[in-house]
Amino acid sequence: MSPGVSESEIEYGLIGRLQDLKYTYRKDIRDRKALELNFRKKFEALNKVSLTDSEFERLKDKIIQPDVFLASKLLRQKNDFIREDGTPLAFTLVNIKDWCKNEFEVINQLRVNSQNSSHRYDVLLLINGIPVVQIELKTLQISPRRAMQQIVDYKSDPGNGYTNSLLCFVQLFVVSNRKETYYFTNNKNQHFIFNADEQYLPVYQWAKPDNKKVTNIDDFAEEFLAKCKLAEMISKYMVLVEVEQKLLIMRPYQIYAVKAILNSITENRGNGYIWHTTGSGKTLTSFKASTLLKDNPDIAKCLFVVDRKDLDRQTREEFNRFQKDCVEENTHTSTLVRRMLSDDHANKVIVTTIQKLGLALDPNNPKNYKEKLAPLSKKRLVFIFDECHRSQFGDNHKAIKEFFPHAQLFGFTGTPIFEENANYKQIDGTVGSYVTTKDIFQNELPKYTITNAIEDQNVLRFHVDYFKRDGKNLPTVNDPATKQAIIEAILEKHESATNFRKFNAFLATNSINDAIEYYHLFKAIQVQRLATNEDYRPLNIACVFSPPAEGNKDVQQIQEDLPTEKADNQIAPEEKKLALKGIINDYNEQYGTNHSIGEFDKYYQDVQQRIKDQKYPNSDVPHSKKIDLVIVVDMLLTGFDSKYLNTLYVDKNLKHHGLIQAFSRTNRILNGSKPHGQVMDFRGQQKNVEDAIALFSGGDMDKAKEIWLAEPAPKVFEKFGKALEELTNLMKSHGVECKAEEVANLKGDIARAQFIEKFKEVQRLKTQLDQYTDLTPEIKEQIESTLPEEELRSFKSAYLETAKRLKGKQDEGSETTPPEVDALDFNLVLFASAVVDYDYIMNLIAKYTQNKPSKQKMTREQLINLLSSSANLMEEREDITEYINSLQVGKGLNVEEIKAGYERFKKEKSEKALRAIAKAHGLDFEALQDFVSAILNRMIFDGDQLSELLAPLELGWKDRTKKELALMEQLGPYLKKLAHGREISGLAAYE
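What counts as what
Each residue is numbered by its place in its chain's sequence as written, counting from 1. Residues qualify for local features only when their pLDDT is at least 70, as the model is predicted, and side-chain atom pairs are given and counted only at 80 or more; totals for whole chains, interfaces and linings, by contrast, use all residues. Processing note: side-chain calculations cover all non-hydrogen atoms of the structure and skip hydrogens and water entirely. Secondary structure follows DSSP: runs of H or I at least 4 residues long count as helices, runs of E at least 2 residues long count as strands, and numbering of each begins at the N terminus. Every residue pair with non-hydrogen atoms within 4.5 Å of one another is taken to be in contact. With residues, only the protein chains shown are counted as cover, and all accessible areas are computed by Shrake-Rupley using a 1.4 Å probe. Only protein chains enter the accessibility calculation, which uses a 1.4 Å probe. A residue is then buried if its area is under 20% of the maximum for its type, exposed if over 50%, and partly exposed in between. Two strands make a pair as long as DSSP finds a minimum of two bridges between them. Angular values range over 0 to 180 degrees, each being the angle between N-to-C directions of two axes fitted as lines to C-alpha atoms, with helices fitted over their stretch in contact. Side-chain atoms within 4.5 Å link the members of a nonpolar core, which is a set of buried Ala, Val, Leu, Ile, Met, Phe, Trp, Tyr and Cys residues. Within 3.5 Å is the distance limit for a polar contact, defined as a pair of N or O atoms, with the added protein rule that one can donate a hydrogen and the other accept it, and that residues adjacent in sequence qualify only through two side-chain atoms. Criterion for a disulfide: a pair of cysteine sulfur atoms at a distance within 2.5 Å. Roughly parallel here means an angle under 35 degrees, roughly antiparallel means over 145, roughly perpendicular means 65 to 115, and every remaining angle is called oblique. Here a crossing is taken to be left-handed if its near helix is turned anticlockwise relative to the far helix by less than a right angle, and right-handed if that turn runs clockwise. When residues are grouped by polarity, Ala, Val, Leu, Ile, Met, Phe, Trp, Tyr, Cys and Pro land in nonpolar, Asp, Glu, Lys and Arg in charged, and all others, Gly among them, in polar. For this analysis, a salt bridge means a side-chain nitrogen from Lys or Arg found within 4 Å of a carboxyl oxygen belonging to Asp or Glu. A helix's residues, less one, multiplied by 1.5 Å, set its expected span. Confidence scores labelled pLDDT are given residue by residue by the predictor and lie between 0 and 100. Only the six-membered ring of Trp is used, alongside the rings of Phe and Tyr, when aromatic pairs are assigned; centres must lie within 6.5 Å, and planes under 30 degrees apart are stacked while those over 60 apart are edge-to-face, with the rest tilted. Here, a charge over a ring is recorded when the distance from Lys NZ or Arg CZ to the ring centre is within 6 Å and its angle to the ring normal is within 35 degrees.

1. Some remarks on the overall build of the chain
Working step 1: Tallying secondary structure elements over the chain gives 37 helices and 26 strands in all.
Working step 2: Put simply, 72% of the contacts in the chain that link residues at least 6 apart link residues at least 24 apart.
Working step 3: Put simply, the chain shows about 44300 Å² of open surface, and 48% of that area lies on carbon and sulfur atoms.

Shown next as C-alpha cells:
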C-alpha cells in the first residue's frame, strides 16, 4: 500500500473485511441517539422484554458507569432491575452463556457530542449493540505509538463519551496504520497512562502459535476480530484484577498455553510442560488455566504447586490479586488436606507447596493424612507446577504420581532441563540416567523462549562485559588481590552501568565465605575513599545469604533451592552466623531497622523491598533509604523481579539454567533509559554464556546471539556518529549551523519537528553508549570530541524548550497543526537525568555560593544550563533559575539554608502571582487563596465554589460566564503548576 492512501480508504477497506467476516455494517449509526436506539432493540430481544421510555432511561442510568472496571463487570454478569410495576427483571447486556450467539455489528465515524467536545471515533465494533472495541486508523506516516497517545488524550478530555455513554463498555482499543497493528485494554485513568517516564500501557501485537506476528490489519481482523474469536478474547482471555480494579488481556503465547492445557485435559492426553521464559507472566497464565478448570465438572481439584515458602506467599498474593480471596493460605498440612477433601467450589483451586503435599502423602506421617486422602486417589486431579525443574524431580513427585494415578501434571519452566544441564539422576536397577523435563512431563506444549521475548520487546537483551584487568586475565580466583581488583572495577564502572544509580545491582559470589569477605572489603575501601575525597558518594551495600538452618523449618525450606548456601553452612556454621549477625547489625544501623538472625525472613523481605524502592525518585524516597548493591550467593538469583535492577556483577561459576536465571534478573523492560541488562563477568565465562544461549535459544545459535546480546559499543558509536551527521545536515538544510543556540532560529513548526526527531535519536544512542562498561579510552575521547558534554547539555535544553512548545500545539488539537507535529512522540525519559534531581541541584547551588574558588564547581551559566538539560525538573526550572539569579556568590549558604531559601522564594513568588490574579479580577485575595487551598487539598475543582467566589461581584449570568472564563484563563495554569503534574478533577472543563 502506498503512503498516499487516505485514512478513509483504510477505514472502508477494514469495514469491507469485517463484512466478509459476517459483521453487519450499520452506516445509519452515527450519533449517540442512534447508538442507544440500536442497543435498546438488541437488549429487548435478548431479554424478551419491552421497556417503556422511562424504564429505558432508568436502565441507562443504572448501567452507564464512569468507571470502566464496574462497567466491565456488568458486561460479564447477570444483573437486576425493578420495572415500573414493581416486578424484578433479571437481565444480561449480552448473551454471556454463549458469546458467539450475540449479534456483531460495525459502525464508523460515530460522533459523541456534549457540552465540551465533539469527538469522532473511526471504527467501533458492537456486540449486541454494546460498543466493545474501538479501532483508530492512521496513515503510514503516523506511528501507532502516537495513535495510542491520542486515545489516552481522548480519554482525558471531558465529555468524551467514555464516562457518560455506552462507550463506557469499550474493552479494547486497536490502533493500526494498516501495516502495523496493536491492541490494548481500556482502563481507569490511573491504569491508563502512556507515560514514557516510568509507566507505559501494556501494548501487544497478535501472533500465531509459532510467535509469527500478525501485523497487517486485514490479517489481524481475521485472526482476532472474527466474531467468535473476539467473543472468546473478551469473555475468556481478559482478566479483571479485583485488587487493583484493573483490566488485563493475555498475550498470545499465554492464550495458546492455556488452550493447550485445557485441550490436553479435555482429551485426556497425559502430562505436559510449558516453556515460558523468565519474565513472561506465567502466574497469569496458570491462574487463567486454573479458573477455567473450575468450570470443568470432570476435574475434582486443581492444585497449583510451588516449592518455596516465599514463592508460596508471592504466588498466593498474585492469584488473589487477580481475584480477591480466591486462594487461602495453607499454613499447615492439615489445612491443605481439609481443603483437598472439601466439596466447596471455593476450594476447587488450591495453591500449596511441594513440601506440604509431600507431608500429606508421607506414609510415615503419624496423622495418617494419606489414608484420609484415599477417596481422592480415584478422582481426576490436575497439578500445575511452578518452575517444574526444581525439587519436583525428587521423591515427592514420584509419590504424587503413584497416589493419584488419574491425575494430569503440567509444569511451567523458564529454563527446561535437557540432558546437557540435568543434575538429578534416576536409578533404575543398576542403570543411572539423568532426568529431563521431558521425562517427567512427557509432552512439550507451546513454548515461548527468551529469544521470542527479546524479539517481542517483552524482556531486554544482555550486554556482557568479560572483564580483564589492564587487558590481562585476573589473578587466581581466591586471591584477595583479585577481590580488591574486582571491587575497584565495580566502583569505577557502577555509575555508567546503572545509568548514574538510576538502577541497582547484584554481585553474585561463589560461596558464603566469599560474600562475607567482599562485604568487609567493600566497607574498608569505601571508608578509605571517603577519607581521601569528601565528594565521594559511597554505595549503599547490603549482603544476604541464609543462616545455618539448625532445625529451623523456614530456613530448611528456603535452602532446598540454595545448594551452595546449604553446603557452605555445614562448615564452620558458628563463624557464618557471627558474620551474618554483624552484617544485619550494620544494616539496622544504616536503615534504622531492628532485624535479627532469629527472624531472618523479615530481614530478607526488607532487603527485597529496598531493592524495589529504587523505582521511587530520591525526592520521594531518599537515596540513603535505598540499596545500590546487594552481595548474594544463591539467594535472589532466581524468582526475584525488579524493573529497576539492571546490573549483575559475576564472581561465581554459572552455567546452563543457573546462568540464564541469574542473568535474567537484569532484563525486565522499563523504558528508553534502560537499553539492556548489564552483566560484568569476572571469571572469563564466555564459553558458558554461549553454551547457555545454544541450549535455551530454541533455534539457530548465530541468530540467537544476535538477538540475545547487545550490539558492541563501537557499532553503537558508529550509529551515534551517523545520527549526529543527519542532525547536522538537517540544520544546514534550514540555513543554520549545527549548534544548540541555532535551534531557536529554525523557521516553522515542521522544521522544529524534524529537529525533535533527529536529536531524539542522537540522545537515544548517547544514553545507550553511556551505559557500556567496556568503552575504551579511545572511544570515550571520540564521543567527547564528536559532541562535547557542555554542547550536549545545550542541545538537550533546546530540545526540551522545543518539545514544550510543540506539545502545546499537539494538545490544542487544531486542524491547522501540521501532521509532522501531530505525529511527534517526544520520549522525554531519554532527557530525564538520574543525577540531576532536586537534591543534586540544591547541593550545587550551595557550592556555587561559597567563597572558596575550589568549591565553586560551576559558573552560574553552567549551573542553569545543567538544570535546563534535564526533563525531570521541567516544572521547577523557571523558579530555580530565578532563584539562582537572586543569590549572591560568596554569601556561603549551606544546603539546608539553600533549600529553605528556595521554598521561601517559591512561596513569595506564588503569593505575588495570586495577588496579581485577584487584583486583575477584582476579587478578595484571602477568599481566592482559600478557594485555591480547598482545590489543592482535595484535588477537585468545584464549580459551585467558583460561583460563591464570584458572588460578591453581583454579576448577571452572561457577565459572570465571561468573568469565569477570563479568571480561569489565568487561574488554570497557576493551579496546574501547584499540582506538580497531579490531575485536578474537573479542571479540564476550563481548558
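2. Details of the pairing of strand 21 (residues 462-466)
Working step 1: The element strand 21 is extensively covered by neighbouring structure, given that four of its five residues are classed as buried.
Working step 2: Here five bridges tie strand 21 to strand 26 (residues 677-681), and the two strands are oriented parallel to one another. Across the sheet, His-463 pairs through a bridge with Gln-678, a residue of strand 26.

3. Thoughts on the sheet that holds strand 22 (residues 504-509)
Paired through backbone hydrogen bonds, the strands of a sheet run either parallel or antiparallel to each other.
Working step 1: Strand order in this open sheet of six strands is 21-26-25-22-24-23, and the pairing throughout is parallel. Looking at which strands have only one partner, the edges of the open sheet turn out to be strand 21 and strand 23 (541-544). Strand-to-strand twist in this sheet, taken as the mean axis angle between neighbours without regard to direction, amounts to 20°.
Working step 2: The sheet contacts of helix 22 (residues 600-612) involve strand 22, strand 23 and strand 24 (629-632), and relative to strand 23 the element is tilted by about 140°.
Working step 3: Packed on one face of the sheet, helix 23 (residues 656-663) meets strand 21, strand 25 (645-651) and strand 26 and runs near 140° to strand 25.

4. Focus: the nonpolar core
Working step 1: Judged by nonpolar contacts, the single largest core of 107 residues is most densely connected at Ile-63, Leu-93, Leu-125, Phe-169, Phe-224, Leu-225 and Leu-230.
Working step 2: Tallying contributions element by element places helix 8 (residues 252-266) first for this core, with eight residues.
Working step 3: Counting residues in hydrophobic clusters, the runner-up holds 78 residues, among them Ile-450, Ala-505, Phe-545 and Ile-707.

5. Looking at the side chain of Thr-647
Working step 1: Within the element layout of this structure, Thr-647 appears in strand 25.
Working step 2: Engagement of the side chain of Thr-647 in a polar contact is seen with the side chain of Asn-646, the distance being 2.7 Å.
Working step 3: Excluding anything up to four places from it in sequence, Thr-647 contacts Ala-497, Thr-498, Asn-504, Ala-505, Phe-506, Thr-666 and Gln-678.

6. A look at the sheet that holds strand 15 (residues 349-353)
Working step 1: Strand order in the open sheet formed by six strands is 15-14-16-17-13-20, with parallel pairing between adjacent strands. Of all strands in the sheet, those bounded by a partner on one side alone are strand 15 and strand 20 (443-444).
Working step 2: Across five bridges, strand 14 (residues 301-306) lies against strand 15 in parallel orientation. In the sheet register, Val-306 faces strand 15, and the bridge partner there is Thr-353.
Working step 3: Along the sheet, helix 8 makes contact with strand 13 (272-275), strand 16 (381-385) and strand 17 (408-413), crossing strand 17 at roughly 165°.
Working step 4: Here helix 11 (residues 333-341) sits on the sheet in contact with strand 14, strand 15 and strand 16, set at roughly 155° to strand 15.

7. Some details on the state of the cysteines
Working step 1: Counted according to the given criterion, the structure contains one disulfide.
Working step 2: Here Cys-100 pairs with Cys-228 through a disulfide, and the sulfurs are 1.8 Å apart. Here Cys-100, found in the loop between strand 3 (88-91) and strand 4 (104-113), pairs with Cys-228, found in helix 7 (residues 227-236); they are 128 residues apart in sequence, far enough to count as distant.
Working step 3: The class of Cys-228 is partly exposed, set by a relative accessible area of 42%.

8. Description of the packing of helix 34 (residues 895-920) against helix 35 (residues 925-938)
Working step 1: Contact geometry for helix 34 and helix 35: axes closest at 9 Å, N-to-C directions at 120°. With respect to each other, helix 34 and helix 35 are oriented oblique. Of the two elements, helix 34 crosses helix 35, and the hand of that crossing is right-handed. Within the contact between the two elements, helix 34 uses Glu-911, Leu-914, Arg-915, Ile-917 and Ala-918 and helix 35 uses Phe-925, Leu-928, Gln-929 and Val-932.
Working step 2: Taken together, the residues that form the contact of helix 34 with helix 35 break down as six nonpolar, one polar and two charged.

9. With respect to unusual backbone geometry
Working step 1: Notably, Lys-22 is not glycine yet its phi reads approximately 75°, a positive angle.
Working step 2: Turning to its location among the elements, Lys-22 is positioned in the loop between helix 1 (7-20) and strand 1 (24-25).
Working step 3: Among the residues examined, Lys-22 registers a relative accessible area of 59% and is labelled exposed.
Working step 4: Unusually for a residue other than glycine, Lys-48 sits at a positive phi of about 50°.
Working step 5: When you line up the elements, Lys-48 lands in the loop between helix 2 (32-47) and helix 3 (53-63).

10. Concerning the pattern of salt bridges
Between side chains of opposite charge, a pair can form as their charged atoms come close.
Working step 1: Within the structure shown, the criterion is met by 52 salt bridges.
Working step 2: For Arg-40, the salt bridge goes to Asp-53, with nearest N and O atoms at 2.9 Å. Placement of Arg-40 in helix 2 and of Asp-53 in helix 3 is noted, with a sequence separation of 13 residues between them.
Working step 3: Residue Asp-53 is classed as exposed on the basis of its relative accessible area of 55%.
Working step 4: Across the pair Glu-242 and Lys-73 runs a salt bridge, and its minimum N-O distance is 3.3 Å. Here Glu-242, found in the loop between strand 11 (238-241) and strand 12 (246-249), pairs with Lys-73, found in helix 4 (residues 68-76); they are 169 residues apart in sequence, far enough to count as distant.
Working step 5: Residues participating in the shared-partner salt-bridge network are Arg-26, Asp-28, Lys-42 and Glu-105.

11. Points about the environment of Lys-97
Working step 1: Here Lys-97 lies in the loop between strand 3 and strand 4.
Working step 2: For the pair Lys-97 and Gln-77, spaced 20 residues apart in sequence, the C-alpha to C-alpha distance is 9.8 Å.

12. Focus on helix 2
Working step 1: For helix 2, spanning 16 residues, the distance from its first C-alpha to its last is 22 Å, which sits close to the expected 22 Å at 1.5 Å a residue.
Working step 2: Buried residues of helix 2: Leu-35, Glu-36, Asn-38, Phe-39, Arg-40, Lys-42, Phe-43, Glu-44 and Asn-47, and no others.
Working step 3: Positive phi appears at Lys-48, one or two residues downstream of helix 2, with a value of about 50°.

13. Some remarks on the confidence of the model for the chain
Working step 1: Within the chain, residue pLDDT values average 85, and 89% of them lie at 70 or more.
Working step 2: Of all the helices and strands in the chain, strand 18 (residues 425-428) carries the lowest mean pLDDT, 49, while strand 24 carries the highest, 98.
Working step 3: Note that residues 427-432 has pLDDT below 50 and, in this model, four contacts with residues that lie over four places away or in other chains.

14. Observations regarding the pairing of strand 8 (residues 181-185)
Working step 1: Of all five residues making up strand 8, four are buried, and the element is well covered by its neighbours.
Working step 2: Linking two consecutive strands that pair antiparallel, namely strand 7 (residues 172-176) and strand 8, is a turn of four residues; a positive phi of about 80° is found at Arg-178 within it.

15. Looking at the packing of aromatic side chains
Working step 1: Inspection of every chain in the model, using the stated rule, returns 39 aromatic pairs.
Working step 2: Relative to Tyr-603, the ring of Tyr-587 lies with its centre 5.0 Å away and its plane at 90°, an arrangement referred to as edge-to-face. Of this pair, Tyr-587 sits in helix 21 (residues 573-591) while Tyr-603 sits in helix 22, placing them 16 residues apart in sequence. As far as burial versus exposure is concerned, Tyr-587 and Tyr-603 are alike and both buried.
Working step 3: Aromatic pair Phe-755 and Phe-759: ring centres 5.9 Å apart, planes at 10°, arrangement stacked. Of the two residues, Phe-755 and Phe-759 both sit in helix 27 (residues 749-770), four residues apart, roughly one turn of that helix. Here Phe-755 matches Phe-759 in class, with each residue buried.
Working step 4: Linked through ring pairs, Tyr-183, Tyr-204, Trp-206, Phe-220, Phe-224 and Tyr-256 together constitute an aromatic cluster.
Working step 5: Taking the ring centre of Tyr-518 as reference, the NZ or CZ of Lys-483 above it sits at 5.5 Å.
Working step 6: The ring of Phe-503 has Lys-674 sitting right over it, with the charged end atom 5.9 Å from the ring centre.

16. Notes on helix 22
Working step 1: Over its 13 residues, helix 22 extends 19 Å from the first C-alpha to the last, a length consistent with the 18 Å expected when each residue adds 1.5 Å.
Working step 2: Among the residues of helix 22, those classed as buried are Phe-600, Asp-601, Tyr-603, Tyr-604, Asp-606, Val-607, Gln-608, Arg-610 and Ile-611.

17. Here we look at the environment of Ala-753
Working step 1: As for its position among the elements, Ala-753 is in helix 27.
Working step 2: Separated by 65 residues in the primary sequence, Ala-753 and Pro-818 place their C-alpha atoms 9.4 Å from one another.
Working step 3: The residues contacting Ala-753, other than those within four sequence positions of it, are Leu-806, Glu-820, Val-821 and Leu-824.

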